[in-house]
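# Examination of the molecular architecture
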Amino acid sequence: MTAADRPMAHWVQAFLEAQAAELDAATNTQLAYARDLRDFADWLDPKGLHFATASQDNAEAYLIFCAAQGLAKSTRARRLSAIKQLYRFAFEEGWRDDNPAVQIKGPGKEKSLPKTLSVDEVGRLLEAARESGRDAPRNTCMMELLYATGMRVTELVTLPVTAARGDPRMLLVRGKGGKERMVPLSPPAREAMAAHLLTRDAKEEKAKAKGKAASKYMFPSRGVNGHLTRHRFFNMIKQFAVDAGVSPAKVTPHTLRHAFATHLLAGGADLRAIQVMLGHADVATTEIYTHVLDERLTELVMTHHPLARKDRKS
C-alpha cells in the first residue's frame, strides 16, 4: 500500500500515536493536533488532494482560507505547526520525500499581555466561593488552591486525592507531558483543603455503602471522567464573578493563574521561583508577567505623580 492509498485519517492516527509514544504529548495537545489536521484534511478532500500529494502552495492556500474565516493568528500558527509536524513524521516514515510546509512562515503571535485580577477582586471571588451554598467547601478549596499554587485548570480538576492526604505543606502537581513539580500551599489553602476533605470523604463513604467504587480524585464527579470537568469549573467561576461584582469577562481559571504570578512578582518573588511553580519550561514565558507589572507601575505613576498631571501649572 502506497502512502497515497492510506486514508488521511490513518495518517493522523499514526502521527498521534507516535507523538504519544515518543514525546509523551499531553492528551489536550493530541486532541488539538487531531482537530487541526482533520480540518486540513476536510479542506483537501473536496479538491481531490491528499496529505501525500499536497504541495506547499496547497498548504499556503489552506492558511489563507483559515485567515479568511477570521481565525486568530494563534490558531493559524498552531494549525501550521500541526501540519509541519505531520509532514516531518511522514518524511521519517518514508511516506513523503519532502516536507511541503517546512518553508512556510507562520503568521506570528499577537502580542498581548495576559489579563489579570487585582488582590481585591481575587478576595471577592474567594468570598463568593465561601458563600456558594451546599458545595461551598469544595468550591472554596478549588479557588484557594488555584490562587495559592497557580495550577492550570486541568491540573486542578484531575488532582488525585492522595496528593492532599496528611495536611501537606507542599502539593505534588502533574503538569503538561506528565511532568511533576512541587508547589507550596498557603495556610488558607491548607485549611480549605482540610475542610473539603471532610465533606468529600463523608460523601465517598455513603457511596461506598451503596456499592459504588471510591474515586481517586480530589474533586470527584459522577461524569464519565470521574472528576469535575474544566467546563463545569469554568461556569462555576463565572458565577462567582457575578456574585462578587467582578466583570465575568475578565474572570477565567487562567486569569487566576495570572493573578497568582503577577501578585507574587509584585510582592518581590524571584522570577525563577515563579517559573518553577507555574511549570513553565522556559523562563521567557514567565517574563511576560514583568511586563504586566511594568504596565501597572506606569499607570500608577501617570495617574498619581504630580509632574505627570495634565493640569499642573508650568
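The rules behind the values
- Residues numbered from 1 in each chain as written.
- Predicted model: local features only at pLDDT ≥ 70, side-chain atom pairs only at ≥ 80, totals over all residues.
- Heavy atoms only, no water.
- Helix = DSSP H or I, 4+ residues; strand = E, 2+ residues; numbered from the N terminus.
- Buried < 20%, exposed > 50% of the residue type's maximum accessible area, 1.4 Å probe, protein only.
- Contact = heavy atoms within 4.5 Å.
- Areas by Shrake-Rupley, 256 points an atom, 1.4 Å probe, with all protein chains shown as cover.
- Core = buried A, V, L, I, M, F, W, Y, C linked by side-chain atoms within 4.5 Å.
- Salt bridge = Lys/Arg side-chain N within 4 Å of Asp/Glu carboxyl O.
- Polar contact = N/O pair within 3.5 Å; in protein donor to acceptor, adjacent residues only side chain to side chain.

Scanning the chain for helices and strands turns up 13 helices and two strands. Burial analysis of the chain (314 residues in total) assigns 42% to the buried set. Relative to all contacts within the chain whose residues are 6 or more apart in sequence, the contacts with residues 24 or more apart total 58%. Split by element, the accessible area of the chain, about 17,800 Å² in all, is 54% carbon and sulfur.

In terms of nonpolar packing, the biggest core is built from 48 residues, with Met 143, Leu 145, Leu 171, Met 218 and Phe 233 touching the most fellow members. If you list the elements that add at least two residues to this core, you get helix H5 (119–130), helix H6 (136–149), helix H7 (153–157), strand S1 (170–174), helix H8 (187–209), helix H9 (230–244), helix H10 (253–266) and helix H11 (271–278). Those residues in contact with Met 143 that sit more than four places away from it in its chain are Leu 125, Leu 126, Ala 129, Phe 233, Ile 237, Phe 240 and Leu 256. In terms of nonpolar packing, the next biggest core, distinct from the first, is built from 32 residues, Ala 3, Val 12, Phe 51 and Ala 52 among them.

Attention now goes to the pattern of salt bridges. Taken as a whole, this structure holds 17 salt bridges when the rule is applied. The salt bridge partner of Asp 167 is Arg 169, with a shortest N-O separation of 3.2 Å. Through salt bridges with shared partners, a single ionic network connects Asp 36, Asp 39, Arg 78 and Arg 79.

In this fold, Thr 149 is placed in helix H6. According to the relative accessible area criterion, Thr 149 is buried, its value standing at 0%. In this structure the side chain of Thr 149 is engaged in a polar contact, spanning 2.6 Å, whose partner is the backbone oxygen of Leu 145. Of the polar contacts made by the side chain of Thr 149, one reaches the backbone nitrogen of Met 151; its length is 3.3 Å.

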